[in-house]
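# Observations on the model geometry
Read off the chains here:
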Amino acid sequence: MLTKRIIPCLDIKNGRTVKGVRFENIRDAGDPVELAAWYAEQGADELVFLDITATNEERKTFAALVRDIARHIDIPFTVGGGIGAVADVEVLLQNGADKVSVNSSAIRNPQLVEELANRFGSQCVTVAIDTKYTEATGWKVYARAGTVETEHATVDWARRVTDLGAGEILLTSMNNDGTKAGFALDITGEVARAVTVPVIASGGAGNMQHFADVLQQANADAALAASLFHFRELEVPVLKSFLKEQGIDVRV
Amino acid sequence: MNLVIVDYKAGNVQSVLFALERLGVQATISCDFETIKAADKVIFPGVGEASSAMAQLKARNLDKLLPTLEQPFFGVCLGMQLLCEHSEENDTETLGIIPEKVLRFQTDLKVPHMGWNQLHHLQTPLFEGLQEQEYVYFVHSYYVPVGPHTIAQASYPEPFSAALQYKNFYAAQFHPEKSGPAGAQILKNFLAL
């Protein structure tokens, strides 16, 4: 039986792990390689590393970090942040990343998704979608780290990038992110039903029941969290035992 | 031991190299005909799309070389699929080493089949020391049905070939280099063949 995946996410700036609460208020949560190896040992199913640095010089540091991560951990990992072109992806994959995630660059240029899928295969192309609900607009896709509203309705956009070759969707609800009040079950469920590829739910994890809810009720294939894990408010083995007791297939 | 990882620009070569490093084993990365031919053991990784991978192999004449190899050989993921006769992925004639065909998943479940799934019906020394129901990491949209050359199965939802063996050619649909300690054991077992 294919198991549901639990994915710690590490935001990286200048080679260090950080976590933004509602995309602001950054705190330092340690050395990424050490943290990654610890998560792998704890039974995390995959890891996601998001490069939130801005300059090209810092991006080179990130590629070196990717290589260091690949050298030390024996589970799959996805890297994202600032990927704008096929050449960027090539560097990251060559350094040992298993998947890349694209977000704003796919919004700017949807053909990028198709180019990446054709060149490297859908299995390594994750499209990250930041979504926000307002009564006036419904669930809309946001670009540039959640700062710019786009014209795209979330479910339509998820369908479109999947048609272009995305192999996975990483869906973050900005309404829920940082609240610890639970994942956005409604939009996650809608997207999971709308696309044929796996969906990772992100944003809002505060306790173990939240994970059970999004994996069962919203039928997410994976659930992602950051600060909850980094500050050891919740440990992966404890979470997985809980999920198993709830009848959810997880790797333990 | 002279261990060669075949590099044909379609492989997760670095990940395999790092996994071997973690086992304390050095390997050579090469796309050179003679280097591969002279190897004691060959690992043939692969991710991506079948027809472009075959084009890469042909450009290096490796489509002629690989079927003639007699040393222990290990195809991984797309590397396994390319060893078969034909893939439904862009209707591609593949290397024809293992008499099996590669089909597209036809299921209501999510495709790609992505994540950790369990192995069962384990056969051959490749799985020495592993328990039935061991978890390994898969990511693929095409599969080989269970057949006479199947040496491990997984289910999605129907059973399919998680690993194959034909003569000196071993192959895994999953990624041993990304499958934690279980995957490391499988690589170690291959090195001991």
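Here the structure is a predicted model, which means the values were calculated and not measured.

Moving on: the overall build of chain B. Secondary structure assignment for chain B yields six helices and 13 strands. A compact globule built from 193 residues should have a C-alpha radius of gyration of about 16 Å, and chain B, at 15 Å, falls within 12% of that. Considered along the principal axes of its C-alpha atoms, chain B spans approximately 45 × 35 × 25 Å. Per-residue burial over chain B gives 62% buried out of 193 residues. Once local pairs closer than 6 in sequence are excluded, the contacts in chain B between residues at least 24 apart make up 68%. Carbon together with sulfur atoms contributes 48% to the accessible area of chain B, which is approximately 7200 Å² in total.

Turning our eyes to something else, we now look at the overall build of chain A. The helix and strand tally for chain A stands at ten helices and twelve strands. A compact globule built from 252 residues would reach a C-alpha radius of gyration of about 18 Å, and chain A, at 17 Å, matches this within 12%. Accessible area for chain A stands at about 10000 Å²; split by element, carbon and sulfur atoms hold 46% of it. In chain A, the 25 positive side-chain charges and the 34 negative ones have mean positions that sit 1 Å from each other.

With the rule as written, the count across this model stands at 14 salt bridges over all chains. The salt bridge partner of Asp221 of chain A is Lys110 of chain B, with a shortest N-O separation of 3.5 Å. Within this pair, whereas Asp221 of chain A is found in the loop between α8 (208–216) and β12 (222–225), its partner Lys110 of chain B is found in the loop between β7 (101–104) and β8 (113–118), the two belonging to separate chains. Asp221 of chain A sits in the buried class, given a relative accessible area of 16%.

Working note: a packed helix pair is described by the angle between its axes plus the distance between those axes. Residues and elements named next belong to chain A. Remark: helix α6 (residues 154–164) packs on helix α7 (residues 185–194), axes separated minimally by 9 Å, with the N-to-C direction vectors making an angle of 30°. The element α6 and its partner α7 pack so that their crossing is right-handed. Within the contact between the two elements, α6 uses Thr154, Val155, Ala158 and Arg159 and α7 uses Ile187, Glu190, Val191 and Ala194. Class assignment of the residues belonging to the contact of α6 with α7 gives a composition of five nonpolar, one polar and two charged.

The next point concerns helix α5 (residues 111–120) of chain A. All names here are of chain A. All of the buried residues in α5 are Leu112, Val113, Leu116, Ala117 and Phe120. Taken down its axis, α5 places every buried residue within 135° of arc, on the same side. Here the buried face of α5 lies against α3 (86–94), β6 (99–102), α4 (104–108), β7 (125–134) and α6. Phi turns positive one or two residues past the end of α5, at Gly121, with a value near 95°.

Turning next to α3 of chain A. Residues of α3 of chain A that are buried include every one of Val86, Val89, Leu92 and Leu93 of chain A, and no others. Projected onto a plane normal to the axis of α3 of chain A, the buried residues spread over an arc of 125° and lie on a single side.

Residues and elements named next belong to chain B. Strands sit in the order β2-β1-β3-β4-β13-β12-β11 across an open sheet of seven strands; the sheet is mixed. The outermost strands of the open sheet, each flanked by one partner alone, are β2 (28–30) and β11 (150–155). Taken over all neighbouring pairs, the strand axes of this sheet differ in orientation by 20° on average, direction set aside. In this structure, β11 lies alongside strand β12 (residues 159–166), joined through five bridges in antiparallel fashion. Residue pairing across strands places Ser155 opposite Pro159, the latter belonging to β12. Each of β1 (3–6), β2 and β3 (41–44) is contacted by helix α1 (residues 13–22), which is oriented at about 160° to β1, the strand it contacts most.

If you look at the biggest cluster of nonpolar residues, it comprises 82 residues, and the most contacted ones within it are Leu47, Phe49, Phe77, Ile169, Phe211 and Leu243 of chain A. Counting residues in hydrophobic clusters, the runner-up holds 39 residues, among them Phe127, Ala152, Ala172 and Phe190 of chain B.

A sheet is described by the order of its strands in space; here four strands give the open sequence β6-β5-β7-β10 (chain B), paired in mixed fashion. At either end of the open sheet lies a strand with only one pairing partner, and these are β6 (92–93) and β10 (142–143) of chain B.

Before going further, it helps to spend a moment on the side chain of Thr131 of chain A. Residue and element names in this part refer to chain A. With respect to the helices, strands and loops of the structure, Thr131 is situated in strand β7. Engagement of the side chain of Thr131 in a polar contact is seen with the backbone oxygen of Lys140, the distance being 3.2 Å. The residues touching Thr131, leaving out its near neighbours within four places in the chain, are Trp139, Lys140, Thr154, Leu171, Thr172, Ser173, Met174, Asn175 and Ile187.

Bringing the environment of His230 of chain A into the picture now. Residues and elements named next belong to chain A. By secondary structure assignment, the location of His230 is in helix α9 (residues 227–230). C-alpha separation for the pair His230 and Tyr39, spaced 191 residues apart in sequence, amounts to 9.5 Å. Of note is the side chain of His230, whose polar atom sits 2.7 Å from the backbone oxygen of Cys9.

Every contact between the two is made by 25 residues of chain B and, on the other side, 35 residues of chain A. Buried area between chain B and chain A, summed over both chains or domains, comes out near 2500 Å², and the portion from carbon and sulfur atoms is 53%. When the buried surface of chain B facing chain A is broken down by residue, Lys110, Met114 and Trp116 of chain B rank first, second and third, together holding 30% of it. The partner of Arg71 of chain A in a salt bridge is Glu21 of chain B, with the nearest N and O atoms 2.8 Å apart. Applying the counting criterion to the chain B and chain A interface returns 16 residue pairs in polar contact (both at pLDDT 80 or more).

Thresholds, definitions, all that
- Residues numbered from 1 in each chain as written.
- Chains lettered and ligands numbered in written order.
- Predicted model: local features only at pLDDT ≥ 70, side-chain atom pairs only at ≥ 80, totals over all residues.
- Heavy atoms only, no water.
- Helix = DSSP H or I, 4+ residues; strand = E, 2+ residues; numbered from the N terminus.
- Rg over C-alpha atoms; globule rule 2.2 N^0.38 Å.
- Buried < 20%, exposed > 50% of the residue type's maximum accessible area, 1.4 Å probe, protein only.
- Contact = heavy atoms within 4.5 Å.
- Areas by Shrake-Rupley, 256 points an atom, 1.4 Å probe, with all protein chains shown as cover.
- Lys, Arg positive; Asp, Glu negative; His and termini not counted.
- Charge placed at Lys NZ, Arg CZ, Asp CG, Glu CD.
- Salt bridge = Lys/Arg side-chain N within 4 Å of Asp/Glu carboxyl O.
- Axes fitted to C-alpha atoms, helices over the stretch in contact; angles between N-to-C directions.
- Left-handed = near helix turned anticlockwise from the far one by under 90°.
- Nonpolar A, V, L, I, M, F, W, Y, C, P; charged D, E, K, R; others polar.
- Arc of directions from axis to C-beta.
- Pairing = 2+ DSSP bridges.
- Core = buried A, V, L, I, M, F, W, Y, C linked by side-chain atoms within 4.5 Å.
- Polar contact = N/O pair within 3.5 Å; in protein donor to acceptor, adjacent residues only side chain to side chain.
- Buried area = accessible area lost by both parts, 1.4 Å probe.

Taken by themselves, the reported measurements are silent on function.
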